[in-house]
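Chain and residue survey
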Amino acid sequence: MAKKGASWRDEREKAAGFWQMRFMLGAYKLLGAKGLRLVLYPVVFCFYAFAPRARAFSRGFLRRVAAFNGKPKPRPLDPFRHIVSFAFSMIEKIAAWSGDIALDNVRFHDDDVGALIAGLEAGKGAVIICSHVGNMEILRALATGNETRVSRKFAVTSIVDFSGTAKFNRLIEEINPESMTRLVSARDIGVDTVLDFKARLDAGELLVIAGDRVSPTSPGKTVSVPFLGAPAEFPQGAFVLASLLESPVYFMFAVREDDRDPLSRYDFCVFRATADVSGPRGERKRKIAAMIGEYVGHIERLIGEHPLQWYNFYDFWRSNDTKKERA
């Protein structure tokens, strides 16, 4: 069990040692995604058997989703299936950066993807706010390989929190050195960085940032929003940054059509943010809260359909003080 105050980031790195990750890569190269799916189960079970916190967080989350959507309580093995789904997300990242996921394996919808494509065709960038639902790494891998529905090549810059992912990032970099280019640490954002982001957007690039995980460096900068029937703290950072950059903002999600099949097609969902976060600074906080509420509404719908693809394995509904202690 993780020591008191240890974060999910720390537990995640301990849970998936580098040898397990190298084993996963070797098995993928030898067996492909289909074969790896079979050998992955015993590896995940070893983690599952000795991870009571992850089991408890998964069970609590799945119960909350079921109650919110009026569905039956989760089955006893659903937390195990949840963690298997998380392991599948790592297979997806390996496959994506190995060039084994093609655009043909992605299903688009009649949502706001057309507006996003039109803007990119016109050389206009956008801010993409994603989440730890599904696997948005597929977007970056496809765009890096110039597999998109946009006629011109465009760059994607991702703002990431490197804590807790160093080992896996090192593995992905071995697969494709380009995977670690155009990444910006969330800890390094300042005035100069914001100006650089603005220049990239003006050049027609995409800027991607997750909006559902509180930064360990600023645990108190959150907004309380109803989420699955109870207040939860969501970070302001991604939304404040979007307001400063004054570019179109889209919420984007990529989920497997089948939660438990890493060979499944992917649903890409794109929604233009309707909340306006421009205007005087005094009004911005209220507008940012409205945008976060809109974002959370999309997440609620998606995890109602794909609960096993929610990859925040900690108690999202703890108080702010508890979150500070955890970080």
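Just so we're clear, the structure is a prediction, and the values are computed from it rather than from any experiment.

Before going further, it helps to spend a moment on the sheet that holds strand S1 (residues 106-107). Spatially, seven strands are ordered S1-S9-S8-S2-S5-S3-S4 in an open sheet, and the strand pairing comes out mixed. Of all the strands in the sheet, the pair left with one neighbour each is S1 and strand S4 (183-185). Sheet topology note: the strand S3 (residues 156-160)/S4 ladder contains three bridges and is parallel. Bridge pairing links Ser-158 to Leu-183 in S4. Lying over the sheet, helix H5 (residues 113-121) contacts strand S2 (126-130), strand S5 (206-210), strand S8 (249-256) and strand S9 (266-272), oriented at roughly 120° with respect to S8. Across the sheet, helix H10 (residues 281-305) touches S2, S8 and S9, and the angle it forms with S8 is around 15°.

Attention shifts here to the pairing of S8. Counting buried positions along S8 yields eight of eight residues, so the element is predominantly enclosed. Here S8 shows a buried face lined by Val-249, Phe-251, Phe-253 and Val-255 and a second buried face lined by Tyr-250, Met-252, Ala-254 and Arg-256. Bridge count between S2 and S8: three bridges; the pairing is parallel. Residue pairing across strands places Val-127 opposite Val-249, the latter belonging to S8. Note: S8 against S9, seven bridges, orientation antiparallel. Pairing of Val-255 across the sheet is with Asp-267, part of S9.

A separate point is the pairing of strand S7 (residues 230-235). Counting buried residues in S7 gives five out of six residues, a clear majority hidden from the surface. Bridge count for strand S6 (residues 222-227) against S7 is six bridges, and the pairing is antiparallel. Of the residues in S7, the one forming a bridge with Val-223 is Phe-234. Linking two consecutive strands that pair antiparallel, namely S6 and S7, is a turn of two residues; a positive phi of about 55° is found at Leu-228 within it.

In the Ramachandran plot, Leu-228 falls in the positive-phi region, its phi being about 55° despite a non-glycine side chain. On the secondary structure map, Leu-228 appears in the loop between S6 and S7. Judged by relative accessible area, which is 4%, Leu-228 ranks as buried. Phi is positive for Glu-246, which is not a glycine, with a value near 55°. Looking at the secondary structure, you find Glu-246 in the loop between helix H9 (237-245) and S8. The exposure class assigned to Glu-246 is exposed, which follows from its relative accessible area of 64%.

Calculation criteria
- Residues numbered from 1 in each chain as written.
- Predicted model: local features only at pLDDT ≥ 70, side-chain atom pairs only at ≥ 80, totals over all residues.
- Heavy atoms only, no water.
- Pairing = 2+ DSSP bridges.
- Helix = DSSP H or I, 4+ residues; strand = E, 2+ residues; numbered from the N terminus.
- Contact = heavy atoms within 4.5 Å.
- Axes fitted to C-alpha atoms, helices over the stretch in contact; angles between N-to-C directions.
- Buried < 20%, exposed > 50% of the residue type's maximum accessible area, 1.4 Å probe, protein only.

Spatial relationships are all this shows, so hold off on functional conclusions.
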